[in-house]
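Residue strings, one per chain:
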Amino acid sequence: MKPEKIFETKSIEEKEQSQEKEYKRLDDKEAERIIDEKIDIKTLVDKLEIEFQKPLAVVEALARLVLELKDELPNYDTILSDEVSGRIPSLLLGNILEKVREREGKKEPNTYFISAGRHADPRIESYVDKFIKKKKNKFGKTLLVTEFIDTGNSIEKITNILTEQDTEQDVDFNIASVSISEKLREATKKTNLSKESIKKLRVGKEESYIGLEFYAKEFIGVEKTASSNNAYPVANIFRNQEKVNKVRKDMETVADELYKLTE
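Attention here is on the structure that accompanies the text.

Cut-offs used in this document
Residues numbered from 1 in each chain as written. Predicted model: local features only at pLDDT ≥ 70, side-chain atom pairs only at ≥ 80, totals over all residues. Heavy atoms only, no water. Pairing = 2+ DSSP bridges. Helix = DSSP H or I, 4+ residues; strand = E, 2+ residues; numbered from the N terminus. Right-handed = clockwise from strand over helix to strand, strands pointing away. Patch = residues over 30% accessible without salt bridge, like charges linked within 9 Å, V, L, I, M, F, W, Y side chains within 5 Å. Areas by Shrake-Rupley, 256 points an atom, 1.4 Å probe, with all protein chains shown as cover. Salt bridge = Lys/Arg side-chain N within 4 Å of Asp/Glu carboxyl O. Lys, Arg positive; Asp, Glu negative; His and termini not counted. Charge placed at Lys NZ, Arg CZ, Asp CG, Glu CD. Buried < 20%, exposed > 50% of the residue type's maximum accessible area, 1.4 Å probe, protein only. Axes fitted to C-alpha atoms, helices over the stretch in contact; angles between N-to-C directions. Parallel < 35°, antiparallel > 145°, perpendicular 65-115°, else oblique. Left-handed = near helix turned anticlockwise from the far one by under 90°. Contact = heavy atoms within 4.5 Å. Phe/Tyr/Trp six-rings, centres within 6.5 Å; stacked < 30°, edge-to-face > 60°. Core = buried A, V, L, I, M, F, W, Y, C linked by side-chain atoms within 4.5 Å.

Considerations on the pairing of strand β2 (residues 110-114)
With five bridges connecting them, strand β1 (residues 78-82) and β2 associate as parallel partners. Paired with Ser-81 across the two strands is Phe-113, which belongs to β2. You can see the chain leave β1, run along helix α5 (residues 87-103) and come back into β2, and the turn it takes is right-handed.

Some points on a negative patch on the surface
Negative charge collects at one region of the surface, where Asp-27, Glu-32, Asp-36 and Glu-60 lie side by side. Within the secondary structure layout, Glu-32 lies in helix α2 (residues 28-38). Classification of Glu-32 by relative accessible area gives partly exposed; the value is 48%.

So, the packing of helix α4 (residues 55-69) against α5
Contact geometry of α4 with α5 gives a least axis separation of 12 Å together with a crossing angle of 45 degrees. Overall, the two elements α4 and α5 adopt an arrangement that is oblique. When the axes of α4 and α5 are compared, the crossing they make is right-handed. The residues of α5 that touch α4, namely those facing Leu-62, Leu-65, Val-66 and Leu-69, are Leu-92, Leu-93 and Ile-96.

Focus: the packing of aromatic side chains
Applying the stated rule across the entire model yields four aromatic pairs. Ring centres of Phe-52 and Phe-214 lie 5.6 Å apart, and the angle between their planes is 65 degrees; this geometry places the pair in the edge-to-face category. With a gap of 162 residues between them, Phe-52 in the loop between α3 (41-46) and α4 and Phe-214 in the loop between β5 (201-205) and α10 (217-220) connect regions that are remote in the sequence. We note that Phe-52, like Phe-214, is buried.

Section: the sheet that holds β1
Within the open sheet, the five strands sit side by side as β2-β1-β3-β4-β5. Their pairing is parallel. Since the sheet does not close on itself, it has two edges, and those belong to β2 and β5, each with one partner. The average undirected angle you get between the axes of adjacent strands in this sheet is 20 degrees. Relative to the sheet, α5 contacts β1, β2, β3 (142-149) and β4 (173-180), its axis offset from that of β1 by approximately 165 degrees.

Quick look at the pattern of salt bridges
In the structure shown here, the tally under the stated rule is 15 salt bridges. Put simply, Asp-129 and Lys-133 hold a salt bridge, and the shortest N to O gap is 3.2 Å. In this pair, Asp-129 and Lys-133 both sit in helix α6 (residues 122-135), four residues apart, roughly one turn of the helix. Its salt-bridge partner being Lys-246, residue Glu-242 comes within 3.6 Å of it at the nearest N-O pair.

Thoughts on unusual backbone geometry
Within the chain, Glu-207 stands out as a residue other than glycine whose phi angle is a positive 50 degrees. Examined against the element boundaries, Glu-207 turns out to sit in the loop between β5 and α10.

Details of the nonpolar core
One finds Leu-62, Leu-92, Leu-93, Ile-96 and Leu-258 to be the most contacted residues of the largest nonpolar core, which totals 42 residues. Sorting the residues of this core by element identifies α2, α3, α4, α5, β3, β4 and α11 (241-258) as the ones contributing at least two each. Formed by 23 residues, the second largest nonpolar core is a distinct cluster that contains Leu-80, Ile-175, Ile-180 and Leu-201.

Here's the deal with the pairing of β3
Within β3, eight of the eight residues are buried, leaving the element largely enclosed by the surrounding structure. Two strands pair when backbone bridges link them, and β1 and β3 are joined in this way by four bridges, in the parallel orientation. In the sheet register, Thr-78 faces β3, and the bridge partner there is Thr-142. In this structure, β3 lies alongside β4, joined through seven bridges in parallel fashion. Bridged to Thr-142 within β4 is Phe-173.

Okay, here's the thing in structure tokens:
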């Protein structure tokens, strides 16, 4: 093979690598330095009562997500929670966002919990569609929060509604996910999430399933349902109220610490 061919191949490979990550993200080493400087994560984890399988990894992912959102955080007027597993991360980010906006002299953000995500009930999808279309002109800049993205099929259903040309203005939004799979990290044809949506991603942990730690109905306290004829989740009759209370108290503790990353 001639030298010029080798260089041509390298150039193509480098180009492909540069296209792998199409969303905004800090340098890993710099992010770790900032987090270590401001937060003692191990001490924070020791304070938690809820029994995550990997509590350290959960808090590390949440810390990185907050850091990724830092510069944009004061500008979000609305949090849209991808229920039900996105509820706990949404509550945490909402807690931090409220403090940040108060610091900036801005009003408290709106928070909406919608029964989106993974389900196969067209009635629920219809309720969510109608709710977002009715409200989205009032959303302002919006943060769509979920716990984990794999193929992107579920979250894309929501982004499609947000970007439909049927209202006075488009919704300016980003997507916050505690973690994403390698499919989203590579941003290849393996994912159903559009390139436009990928650019809007803000990610805690790449190539990780740690976000699924929030996929536990007994401590979330709500479930998707079509019986109530609306877009909201309802109380889960099988919830463990003690665990619900513990995880929400823990997330308040985590939020108080992670707020330091916004200063």
